[in-house]
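# Chains, contacts and geometry: an overview
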Amino acid sequence: MPGNIFGNIYRIMTFGESHGPMIGVVIDGIKPNVEINVSEIQKELDRRKPGQSAVTTQRKESDIVQIVSGIYEGKTTGTPICMIIKNEDYKSSDYENLKQIFRPGHGGYTFLKKYGIYDYRGGGRISGRETAVRVAAGAVAKQLLSNRGIKILAYTRQIGNIEIQNFNEELIEKNAIRCPDESATQKMIDLIEDAKKNGDSVGGIVEVKVQGLKAGYGEPVFDKLEADLAKALMSIGAVKGFEIGSGFKSALMKGSECNDQFIINPQTKEVETLTNNSGGVQGGISNGSEIIMRIAVKPTSSISKKQKSVTYNGEEVEIEIKGRHDPCICPRIVPVAEAMTALVLIDHILMQEQIQTEIDKLDELRSRIDLIDTQLLLLLNARNELVQRIGKIKKVNGSQIFDEEREKSLEENWIKTAKELELRPDYIQNIFKLVINESRKIQKEILK
Ligand SMILES: Cc1cc2nc3c(=O)[nH]c(=O)nc-3n(C[C@H](O)[C@H](O)[C@H](O)COP(=O)(O)O)c2cc1C
């Protein structure tokens, strides 16, 4: 089915539903013998797993990753990597009252329209649960990126109308909502708890930064880096907006304000920009600056407040959604956003490395031509030495330099062989003339 596979070279396919026995991912496209730290994969999953605090869903999942294939003794084998995570704490009974009713803001109505069948339990395939295995695949990608000096960092920038005013990276993993601003953190938590108490939910903005990506990654025109990043981040449930660099604010700027003017860094002598309104991508290709993106996360659709809906049979009803839901999805989207960013970046890097391999091939072919040219020159030199020796014999014998008959038969031989080798006769004839003229000159000198 389309839509379950992501990536071109580093390709992933996820499988599983929220209330099935397990969810999983298959990754293809990683070379053999790459060291993979499995505990790093688990660490990333622990960041996303549910039940971490009062401001996330209370579903308790240990989210222990099981490597089924593709990694042996801590190294990739070059075969597909399969990872699974068991679903342990699902309560399908919580969803019994939703069996025939569409959850407003969720995917039940559209799924049913598209497939004619829908696993309503926990949202089935469209549940945030599926993103756990994206995080596992992203954790492997992150390790490949880290080997190349690339770091991805996401955090909660805004919840409701409360936005960060300060940035301290160390704080991000130390609070329940992954906020880098101490003074904003409690206000954000209060807002979420308030919404939860009222049977409601809140949304926010997650910011993602990429450091260490050099210039030159991205595939114009359809697979521009920002286009692929937008697709990756917009594929996460509840994400309803994407911007890069100055994003929507660019529309309010003048060209003179928006352009990132180029300079040469006096220390590194590298090209840099004075500002970063492009967000690190120009013409769909990374320019070496930090990539900076923001995604808008909508308030969780499953709320216990009374809402209007309709049944599968077309009756209007009112529902209150039970079950354990995230009152705000932002803190749990942070590791998912990092993972999706990692998947895009590693894929683009591997695509670029393929182009570089072609360049390497060109160099190899050129050096083989250089070798042949040297051999040609050595052969011409050896020929000239023989011509000199013959000239000296001719001098002693008093013979003629020009031997028309011999030259004619030589030329005929050259042309015959050229034809056999499928070389153009006029090309070979021209070379023959040059060689014979040179021979005549050499012998003339000797016979002077
Ligand atoms: C990590 C994560 C956790 C989520 N938790 C919930 C949840 O508890 N309740 C809910 O209704 N939606 C949750 N969602 C959002 C739904 O998956 C999403 O809203 C739904 O699939 C409909 O898709 P859309 O909002 O992109 O249109 C979560 C999403 C993610 C990524």
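The following refers to the structure shown. (Residues numbered from 1 in each chain as written. Predicted model: local features only at pLDDT ≥ 70, side-chain atom pairs only at ≥ 80, totals over all residues. Heavy atoms only, no water.)

## Some thoughts on the overall build of the protein chain
Note the cut-off: Helix numbering and strand numbering both begin at the N terminus, where a helix is a DSSP run of H or I of at least 4 residues and a strand a DSSP run of E of at least 2. Partly exposed residues are those whose accessible area sits between 20% and 50% of the maximum for their type, while under 20% is buried and over 50% is exposed, using a 1.4 Å probe and protein chains only. Surface accessibility follows the Shrake-Rupley procedure with a 1.4 Å probe radius. Residue values consider only the protein chains on display as shielding. For this count, His and the chain ends are skipped, Lys and Arg are scored as positive, and Asp and Glu as negative. To locate a charge, take atom NZ for lysine, CZ for arginine, CG for aspartate or CD for glutamate.
Counting secondary structure elements, the protein chain contains nine helices and 18 strands. Reported as C-alpha extents along the three principal axes, the dimensions of the protein chain are approximately 120 × 50 × 45 Å. Taking all 448 residues of the protein chain together, 43% fall into the buried category. Only carbon and sulfur atoms are counted for the fraction: they give 53% of the accessible area of the protein chain, which is about 25000 Å². Here the protein chain contributes 62 positive and 62 negative side-chain charges, whose respective centroids are spaced 1 Å apart.

## Quick notes on the pairing of strand E16 (residues 291-297)
How we decide: Any two strands are treated as partners once DSSP identifies two or more bridges connecting them.
A large share of E16 lies buried, amounting to six of its seven residues. By the bridge criterion, seven bridges tie strand E10 (residues 204-211) to E16 in an arrangement that is antiparallel. Its bridge partner being in E16, glycine 204 is matched across the sheet by valine 297. Here strand E11 (residues 239-244) runs beside E16; their pairing, made up of five bridges, is antiparallel. Note on E16: the bridge partner recorded for glycine 241 is alanine 296.

## Focus: the pattern of salt bridges
Spelled out, the test is: We define a salt bridge as a side-chain nitrogen of Lys or Arg found within 4 Å of a carboxyl oxygen belonging to Asp or Glu.
Considering all chains together, one arrives at 26 salt bridges under this definition. Put simply, arginine 121 and aspartate 119 hold a salt bridge, and the shortest N to O gap is 2.8 Å. Take arginine 121: its relative accessible area is 27%, and that puts it in the partly exposed class. Arginine 294 is the salt-bridge partner of glutamate 243, the closest N and O atoms lying 2.7 Å from each other. Residue glutamate 243 is found in strand E11, and its partner arginine 294 is found in strand E16; the two are separated by 51 residues along the sequence.

## Some details on unusual backbone geometry
Residue proline 220 is joined to valine 221 through a cis peptide bond whose omega torsion reads 10 degrees. You can see valine 221 is positioned in the loop between E10 and helix H5 (225-234). Phi at glutamate 73 is positive, roughly 50 degrees, even though this residue is not glycine. With respect to the secondary-structure elements, glutamate 73 resides in the loop between strand E5 (71-72) and strand E6 (75-76).

## A word on the sheet that holds strand E8 (residues 151-159)
In plain terms, the rule: The criterion used for residue contact is that any of the two residues' heavy atoms lie within 4.5 Å. In this analysis an axis means a line fitted to C-alpha atoms, helices contributing only their contacting stretch, and an angle means the value between N-to-C directions, from 0 to 180 degrees.
Pairing within the open sheet is antiparallel, and its five strands lie in the order E9-E8-E10-E16-E11. The open sheet has two edge strands with one neighbour each: strand E9 (162-163) and E11. On the sheet, H5 packs against E11 and E16 and is oriented at approximately 155 degrees with respect to E11.

## As for the site of the ligand
Condition: Put simply, a residue is near a molecule or strand once any heavy atom of it comes within 4 Å of that molecule or strand. By the criterion applied in these results, polar contacts are pairs of N or O atoms within 3.5 Å in which, for protein atoms, one can donate a hydrogen and the other can accept it, and in which residues neighboring in sequence qualify only through two side-chain atoms. The classification used treats Ala, Val, Leu, Ile, Met, Phe, Trp, Tyr, Cys and Pro as nonpolar, Asp, Glu, Lys and Arg as charged, and all other residues, Gly among them, as polar.
The full set close to the ligand counts 20 residues, and Ala238, Lys298, Ser302, His325 and Asp326 are the nearest of them. A distance of 3.4 Å separates an oxygen atom of the ligand from a polar side-chain atom of serine 301. Isolated, the ligand exposes 620 Å² of accessible area, and the fraction of that covered by the protein chains is 90%. In the shell around the ligand, the residues fall into five nonpolar, nine polar and six charged.

## Quick look at the packing of aromatic side chains
Spelled out, the test is: In this analysis, rings of Phe, Tyr and Trp, with Trp reduced to its six-membered ring, are considered paired at centre separations within 6.5 Å, and the interplanar angle assigns stacked below 30 degrees, edge-to-face beyond 60, and tilted for intermediate values.
Under the criterion given, the structure shown has six aromatic pairs. Where phenylalanine 102 meets tyrosine 109, the ring centres are 5.2 Å apart and the plane angle is 85 degrees; that geometry is what we call edge-to-face. When the ring of phenylalanine 102 is compared with that of tyrosine 312, the centres are 4.9 Å apart and the planes differ by 25 degrees; the resulting orientation is stacked. Highlighted residues: phenylalanine 102 in the loop between strand E7 (81-86) and helix H2 (108-115) and tyrosine 312 in the loop between strand E17 (307-310) and strand E18 (316-319), separated in sequence by 210 residues.

## Observations concerning the pairing of E8
Counting buried residues in E8 gives seven out of nine residues, a clear majority hidden from the surface. Looking at chain direction, E8 and E10 are connected through eight bridges and run antiparallel. For leucine 153, the partnering residue across the bridge sits in E10 and is lysine 209. Two successive antiparallel strands, E8 and E9, enclose a turn made up of two residues, where glycine 160 displays a positive phi of approximately 55 degrees.

## Description of helix H3 (residues 131-146)
This is how the line gets drawn: Any helix carries an expected span of 1.5 Å times its number of residues minus one.
Compared with an ideal rise of 1.5 Å per residue, which puts 16 residues at 22 Å, H3 spans 22 Å between its outermost C-alpha atoms and is within 8% of the ideal. Counting buried positions over the 16 residues of H3 gives 15, a clear majority of the element.

## Concerning the packing of helix H1 (residues 38-48) against H3
For the record, the criterion: Angles are sorted into four bins: roughly parallel if under 35 degrees, roughly antiparallel if over 145, roughly perpendicular if 65 to 115, and oblique for all others. Definitions for this section: a left-handed crossing has its near helix turned counterclockwise from the far helix by less than a right angle. A right-handed crossing has that turn clockwise.
Contact pair H1 / H3: the axes reach a minimum separation of 9 Å and the direction vectors enclose 140 degrees. One element, H1, and the other, H3, form an angle in the oblique class. Both H1 and H3 take part in a crossing whose hand is right-handed. Contacts between H1 and H3 pair Glu40, Ile41, Glu44, Leu45, Arg47 and Arg48 from the former with Thr131, Ala132, Val135, Ala136, Ala139, Val140, Lys142 and Gln143 from the latter. Classifying every residue of the contact of H1 with H3 by side-chain character gives seven nonpolar, two polar and five charged.

## Observations concerning the sheet that holds strand E4 (residues 65-69)
Pairing is antiparallel in the open sheet, where five strands are placed in the order E1-E2-E3-E7-E4. The outermost strands of the open sheet, each flanked by one partner alone, are strand E1 (5-6) and E4. Where H1 meets the sheet, its contacts fall on E4 and E7, and the angle it forms with E4 comes to roughly 135 degrees.

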